[in-house]
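Descriptive structure summary
Single-letter residue listing:
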Amino acid sequence: MSIKSSFRFLAALVLVPGLAGCFASPGGESSSDGGPSGSRLRVALAFPPAENFSPYGADATLLSRLGVTEGLTALDANGAAAPALAESWRRESDRTWRFTLREATFQDGADVTPSAVADALTRATKAKPVPAALAGVSLDAEADGSRGVRVTTAVADPVLPTRLSSPSLAILSPKAYEKKGAPTPVGTATGPFAITEVDSGGSATLDRFDDYWGGRAHASGIDARFVKDGTARANAVRTGDVDIAEAIPVAQAATLDKATLKEAGTTRTTSLQLNTTRGPFKDPKLRAAARRAVDSSVIVKGVFEGYADPGAGIYGPAVTWADSKRVRPEGRADAARPDGTRITLATYDNRPELPEVAQVVQQQLEKAGFTVKLEVREYSRLESDALAGKFDAFIGARNSLLDTGDPVGVLASDYTCDGGYNLALLCDKDVDRAVEKADGTDGTGERQDAAMAAEAAILGTDAVVPLAHQQIIAGVSTKVRGVVLDPYERALVGTGTRR
């Protein structure tokens, strides 16, 4: 073990209070079938519910990761729409799709009916703010017969089945909407686990939903705790206080036995965004100089300690089709000499690797001749300034397929003139044209090709410099089987997860 790793191991022992006793399973380890597979699972999650488990915002992914909610569709390993509550679908016209429901039951005992599904989707369209998966999309849903739901969009939407896989478009029973405000998923969803109790102090209790259409889960329930501190999550795995801990920081991986470390690629990319509208990086030649100064292999080795891949583009290796379809950027400007040009580089500390990445990038830029001021804040105190273009450069981590599963979605939101999350403030007519073409392209393969052409147009502006494609690092007890390491970060516990 290296000196660096040894220090981290000792720090985990000394600085983190023990979590023993915090994860006792109130239901014991017996199951309805009497077998050991009925044991409850103790799970530590990184982010607590921020919106009282509203399915329309950031908590939607939390619900799907715990196996509580489902949509009409899901994503398969290649990012294509797969059956979920809808067992099949067909496109009836440019703007209309018909989904055929499977026989399923809500956790409150009600049947999943076309009218209930249509109502759930309609309510999502009226949510404030609108779910990210529906940004810029207008749709109507109506029941069609005993098993059908017809969805019509205002304009042609060739990726509607993929869009409906979003965790923010989960289907809840009519009971979920009885009270004013956001609907409640407590006992009203369709997944293999039902929330039975929520503690505002940072925990939730879930029991197995025995009438789940996909078959009974092996585990009899889940005792979830929300532990913000990554070192504490790692320590809880090491001491056996939890069975599963998500998002183990790279810095803590060395404190765990290798047998308890599980890793997989994700569609999350860490990138350097350069302000193209104001400040020094308005000059494409200085953007080219910054791109040439950055060595992502150093970041992957030194910061992520191998738990990442070097930045190849907006989409990384976990987007399985991207590498074979990647297009070489053209028309890049020649790099200018920075000659001491002063820039402000910002990032956030919610993800502990990012400040370390920023320090490495700062050193590389300074070596190339820039003078760099580094600013690190908590994300909620940083986002508005970043979107307003108050920094010259910004380092962040972005899941390219999280919201809709559609590769074009992140391009439109992050790199077009009207994009709502355009941190580079890029407004380039060629980029907008390429993204618009991709957005109007039908057919999975053809749409992927168009997305990669748009990616090349974006990279050609040097508005963004991909740094690393991150990997999931989870801490999992050696007694546990069936943890779902989902590259889209939508799932963690499923019917086959057990100890």
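Above this text sits the structure in question.
Anyway, here's the lowdown on the structure attached to this text. Computed from a predicted structure; not experimentally measured. (Residues numbered from 1 in each chain as written. Predicted model: local features only at pLDDT ≥ 70, side-chain atom pairs only at ≥ 80, totals over all residues. Heavy atoms only, no water.)

A tally of helices and strands in the protein yields 13 helices and 17 strands. The C-alpha radius of gyration of the protein comes to 23 Å, within 12% of the 23 Å expected for a compact globule of 499 residues. Each of the three principal axes of the protein carries a C-alpha extent, and together these read 70 × 60 × 40 Å. Scored against the burial criterion, the 499 residues of the protein give a buried share of 55%. Contacts spanning at least 24 positions in sequence make up 70% of the contacts within the protein whose residues lie at least 6 apart. When the accessible surface of the protein is split by element, carbon and sulfur atoms take 49% of a total near 21,200 Å². In the protein, 57 side chains carry a positive charge and 63 a negative one; their mean positions are 3 Å apart. (Helix = DSSP H or I, 4+ residues; strand = E, 2+ residues; numbered from the N terminus. Rg over C-alpha atoms; globule rule 2.2 N^0.38 Å. Buried < 20%, exposed > 50% of the residue type's maximum accessible area, 1.4 Å probe, protein only. Contact = heavy atoms within 4.5 Å. Areas by Shrake-Rupley, 256 points an atom, 1.4 Å probe, with all protein chains shown as cover. Lys, Arg positive; Asp, Glu negative; His and termini not counted. Charge placed at Lys NZ, Arg CZ, Asp CG, Glu CD.)

Two numbers describe how helix 11 (residues 407–415) lies on helix 13 (residues 444–460): the axes approach to 9 Å, and their chain directions differ by 30°. Looking at the two axes, helix 11 sits roughly parallel to helix 13. The handedness of the crossing between helix 11 and helix 13 is left-handed. Residues Pro407, Val408, Leu411 and Tyr415 of helix 11 lie in contact with helix 13, whose contacting residues are Arg447, Ala451, Ala454, Glu455 and Ile458. (Axes fitted to C-alpha atoms, helices over the stretch in contact; angles between N-to-C directions. Parallel < 35°, antiparallel > 145°, perpendicular 65-115°, else oblique. Left-handed = near helix turned anticlockwise from the far one by under 90°.)

Every disulfide links exactly two cysteines, by a covalent bond between their sulfur atoms. The final tally for this structure, using the stated rule, is one disulfide. Between the sulfur of Cys417 and that of Cys427 lies a disulfide, 2.0 Å long from S to S. Because the torsion about its S-S bond is 100°, the bridge between Cys417 and Cys427 counts as right-handed. Separated by 10 residues along the polypeptide, Cys417 in the loop between helix 11 and helix 12 (429–439) and Cys427 in the loop between helix 11 and helix 12 bring together distant segments of the chain. Looking at Cys417, the relative accessible area reads 32%, which means it is partly exposed. Looking at Cys427, the relative accessible area reads 56%, which means it is exposed. (Disulfide = S-S within 2.5 Å.)

In this structure, Leu72, Leu206 and Ile222 are the most contacted members of the largest nonpolar core, which totals 55 residues. Residue contributions to this core peak at six residues, all from helix 3 (residues 114–125). Leaving out residues up to four positions away in the same chain, Leu72 has contacts with Pro83, Ala84, Leu85, Ala86, Phe99, Leu101, Val117, Leu121, Leu164 and Ile171. If you look at the next biggest cluster of nonpolar residues, it comprises 52 residues, including Ala245, Ala289, Tyr421 and Leu467. (Core = buried A, V, L, I, M, F, W, Y, C linked by side-chain atoms within 4.5 Å.)

On to the environment of Gly181, then. Relative to the helices and strands, Gly181 resides in the loop between helix 4 (160–163) and strand 8 (193–199). Judged by its relative accessible area of 65%, Gly181 falls in the exposed class. Note: C-alpha distance between Gly181 and Ala127 (54 residues apart in sequence) is 9.6 Å.

Our focus in this paragraph is the packing of aromatic side chains. Where two aromatic rings form a pair, the distance of their centres and the angle of their planes describe that pair. Throughout the structure, instances matching the rule amount to seven aromatic pairs. Taken together, the ring pairs connect Tyr348, Tyr379 and Phe394 into an aromatic cluster. (Phe/Tyr/Trp six-rings, centres within 6.5 Å; stacked < 30°, edge-to-face > 60°.)

To continue, consider the environment of Val465. Relative to the elements of secondary structure, Val465 occurs in strand 17 (residues 464–476). Val465 sits 195 residues away from Thr270 along the chain, and the two C-alpha atoms are 9.0 Å apart. Leave out the neighbours within four places in its chain, and Val465 touches Ser271, Leu272, Leu274, Arg291 and Val294.

Okay, the sheet that holds strand 6 (residues 139–144) next. In spatial order, the strands read 4-5-7-6; together these four strands make up an open sheet with antiparallel pairing. Of all strands in the sheet, those with a lone pairing partner are strand 4 (86–91) and strand 6, marking the two edges. Mean inter-strand twist for the sheet, computed between neighbouring axes without regard to direction, equals 20°. Both strand 6 and strand 7 (residues 148–153) contribute to a ladder of six bridges, which runs antiparallel. Along strand 7, the bridge assignment pairs Ala141 with Val151. (Pairing = 2+ DSSP bridges.)

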